[in-house]
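# Commentary on secondary and tertiary structure
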Amino acid sequence: MAGSPALRKELGVFAGYHSAQVDVDVRLNTNESPFPPPPAFLAGLADAVASMALHRYPDRSCTDLRADLARLHGVRPDQVFVANGSNEVLQCLLLAYGGPGRTAAVFEPTYAMHGTIARMTGTTELKGERSDDFSLSLAEVRGVVRRGAPSVTFLCSPNNPTGRAEPRELVEGVLALGPGLLVVDEAYAQFAPWTALSLVADEVPLVVTRTYSKTWSMAGCRLGYLIGPASIVTDLWDVAALPYHVDTVKQAAGRLALRYTDEMENRVAHLVAERERVAAALGRLPVDTWPSDANFLLLRPRSRPGSEVWQDLVDRSVLVRDCSSWPRLAGCLRVTIGTTAENDAFLAALEDVL
Ligand SMILES: Cc1ncc(COP(=O)(O)O)c(C=O)c1O
C-alpha cells in the first residue's frame, strides 16, 4: 500500500477546533479555572492513587461516581452518564442519535464543537442563526425544526462564545417543538442564573451536559457528564461508550472533587465579581462588549482588526481567543476571566494595544 489513506470526504472540509497553545504569562483563552484544585484535593487524590488496583480495569459503570453526581443534582444514578470531558459526552450522543441520514441543529454563533462533532459522526449540520444581539428566538428554532426535523437540537447555555444563558421560556418552548432530542450544553452553568436541570425527567427528550473542566478546576482530568432520561443513559452506555472508557483515577478524582463544593462556589462567586469588574473596565475602552453569564467575555475592538489586537496581546504575553474568523464574529476576541492579577494584566495590555 502506497501513500496515505483517503480521509472520509466530509472530514476533509474542516480544520479541527484548536486554540493556540502558546507559552505566555497570562492564559485567558480556553475558559479554564485560573485556580488549581485545593491542595487537600490533590493530597487526597495522591492517597487514593497509592492504593488503587491499577492492574484491574475500572468499574465500567462508574457506579460510585454516578451515585455521587446523582446526589449532587437530586436525580437517580441511572439518569447520569459519564465520559472523558463533556465533548466526549456530546460525541456519544451523536454516535447514538445522529449519524448518516440524520441532522443536528445548531444556532450560530455557538460552540463550534457541536457542529464539528456532528460532522465527525456523519450527522448533517442544520444551521440556524441568532439575532444581531446574539439572542435566540423561538421562531428561529421553530423554523429550523420544521425545515429539517433534527434528530438532535443543541442549545448552549450560557452560550459560548457570546456569553448569555438561554431563558427558561426558550428552553421550554424548544422542548415543546419535539420530537427530537434537545441537548442543553451547560459547561458554564455554575456562573449562570438558572439551569435546565429542573426540566429533566424520564419522559422528556432533554439532556443537560456538564463538565469538570471549568468551575471544578479539572480541565486536565477530562471528565464530563450528562443528566437525562434513564433510557438515554442506557443507550449511551450500550452503544456509544467504549468499554471501561472512564479510568479508575478519574472516577476517584471526580468523586473527591465533590467534597469541595464550598470552595468551588466561593471561586465561582469571585470569578463572577471579577467578570463584572472586567466588563465595567472594558466599557471604558474603545471596544464593543456583550453581557455574559459565564466566565468569559466577548469583545470587539472598534479601532483595530481583532486578529492584530490578538497578536499584539500575545506579544505582551497575554493570550485570549481569536474569534475574528468565526461565523458572525468578525473582529471579535473572547477573554476568559482569570485571577485579579491576570485580569489586570489583560486590561493593561489591551489599553496599551488600543
Ligand atoms: C460550551 C462548551 N461545551 C463543552 C466544552 C468542552 O468541555 P470538556 O472539557 O468537558 O470537554 C466546552 C469547552 O470549552 C464548552 O465551551
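Residue numbers here run from 1 along each chain, matching the order of that chain's written sequence. Side-chain atom pairs in this predicted model are given and counted only at pLDDT of 80 or more, local residue features only at pLDDT of at least 70, and totals for whole chains, interfaces and linings cover all residues. Here the side-chain values reflect all heavy atoms present in the structure, with hydrogen atoms and water set aside.

### Some words on empty space enclosed by the protein
Gaps between atoms show up when a probe of the same size as a water molecule is rolled over them. Counted only if it meets this: In the cavity and pocket records, a cavity denotes points on a 1 Å grid over the protein atoms alone where a 1.4 Å probe fits but cannot get out, a pocket denotes an open set with protein on both sides within 12 Å along at least 5 of 7 lines, and lining residues are residues with an atom within 4 Å of a point. Grid points are joined across faces, edges and corners, and a volume is the space filled by probe spheres set on the points. The helix and strand labels rest on DSSP assignments: H or I over at least four residues marks a helix, E over at least two residues marks a strand, and numbering proceeds from the N terminus. Three categories are distinguished: nonpolar for Ala, Val, Leu, Ile, Met, Phe, Trp, Tyr, Cys and Pro, charged for Asp, Glu, Lys and Arg, and polar for the others, with Gly belonging to the last. Where each domain starts and ends follows an automatic or database-derived domain assignment.
Counting across every chain of the model gives two cavities of 30 Å³ or more. Here the largest cavity defines a volume of roughly 70 Å³. For the lining of the largest cavity, the leading source of residues is helix H9 (residues 261-282), giving three residues. Each residue belonging to the lining of the largest cavity can be placed in one class, and the counts come to seven nonpolar, one polar and two charged. Each of two domains, domain 1 (9-37 + 262-353) and domain 2 (53-259), supplies a minimum of three residues to the lining of the largest cavity. Quantified by volume, the second largest cavity comes out at close to 30 Å³. Surrounding the second largest cavity, Arg 60, Trp 237, Ala 241, Leu 242, Pro 243, Tyr 244 and His 245 form its lining. Among the residues making up the lining of the second largest cavity, the classes are represented as five nonpolar, one polar and one charged.

### What to know about the sheet that holds strand S12 (residues 321-322)
What counts, and what does not: Being paired, for any two strands, means DSSP has found at least two bridges between them.
Spatial ordering of the open sheet is given by S9-S10-S13-S12, a layout of four strands whose pairing is antiparallel. Each end of this open sheet is capped by a strand with a single partner; those strands are strand S9 (287-289) and S12.

### Points about the side chain of Ser 317
Condition: The rule is simple: take the accessible area with a 1.4 Å probe, protein chains only, and divide by the maximum for that residue type; under 20% is buried, over 50% is exposed, in between is partly exposed. Contacts are assigned to residue pairs with any non-hydrogen atoms lying within 4.5 Å of each other.
Among the structural elements, Ser 317 can be located in the loop between helix H10 (306-315) and strand S11 (318-319). The exposure class of Ser 317 is buried, given its relative accessible area of 18%. With sequence-adjacent residues up to four places away left out, Ser 317 is seen in contact with Val 24, Asp 25 and Val 26.

### Some remarks on the side chain of Asn 84
The residue Asn 84 is located in the loop between strand S2 (80-83) and helix H3 (86-97) in this model. The exposure class of Asn 84 is buried, given its relative accessible area of 19%. Setting aside its immediate chain neighbours within four residues, Asn 84 contacts Arg 222, Leu 223, Gly 224, His 245, Val 246 and Lys 250.

### As for the domain arrangement of the protein
When the parts of a complex come together, some accessible area is lost, and that lost area is often used as the size of the interface. What counts, and what does not: Joining two parts hides part of their accessible area as seen by a 1.4 Å probe, and the buried area is that hidden amount summed over both. Polar contact is the term for a pair of N or O atoms within 3.5 Å; when the atoms are in protein, one must be able to donate a hydrogen and the other to accept it, and sequence-neighboring residues count only if both atoms are side-chain atoms.
Domain boundaries in the protein define domain 1 (9-37 + 262-353) and domain 2 (53-259). Once you take the C-alpha centre of each, domain 1 and domain 2 turn out to be 24 Å apart. Of the roughly 2700 Å² buried between domain 1 and domain 2, counting both surfaces, carbon and sulfur atoms make up 63%. Connecting domain 1 to domain 2 are 14 residue pairs in polar contact (both at pLDDT 80 or more). When residues of the side of domain 1 that touches domain 2 are traced back to their parent elements, those giving at least two are H9 and strand S10 (296-301).

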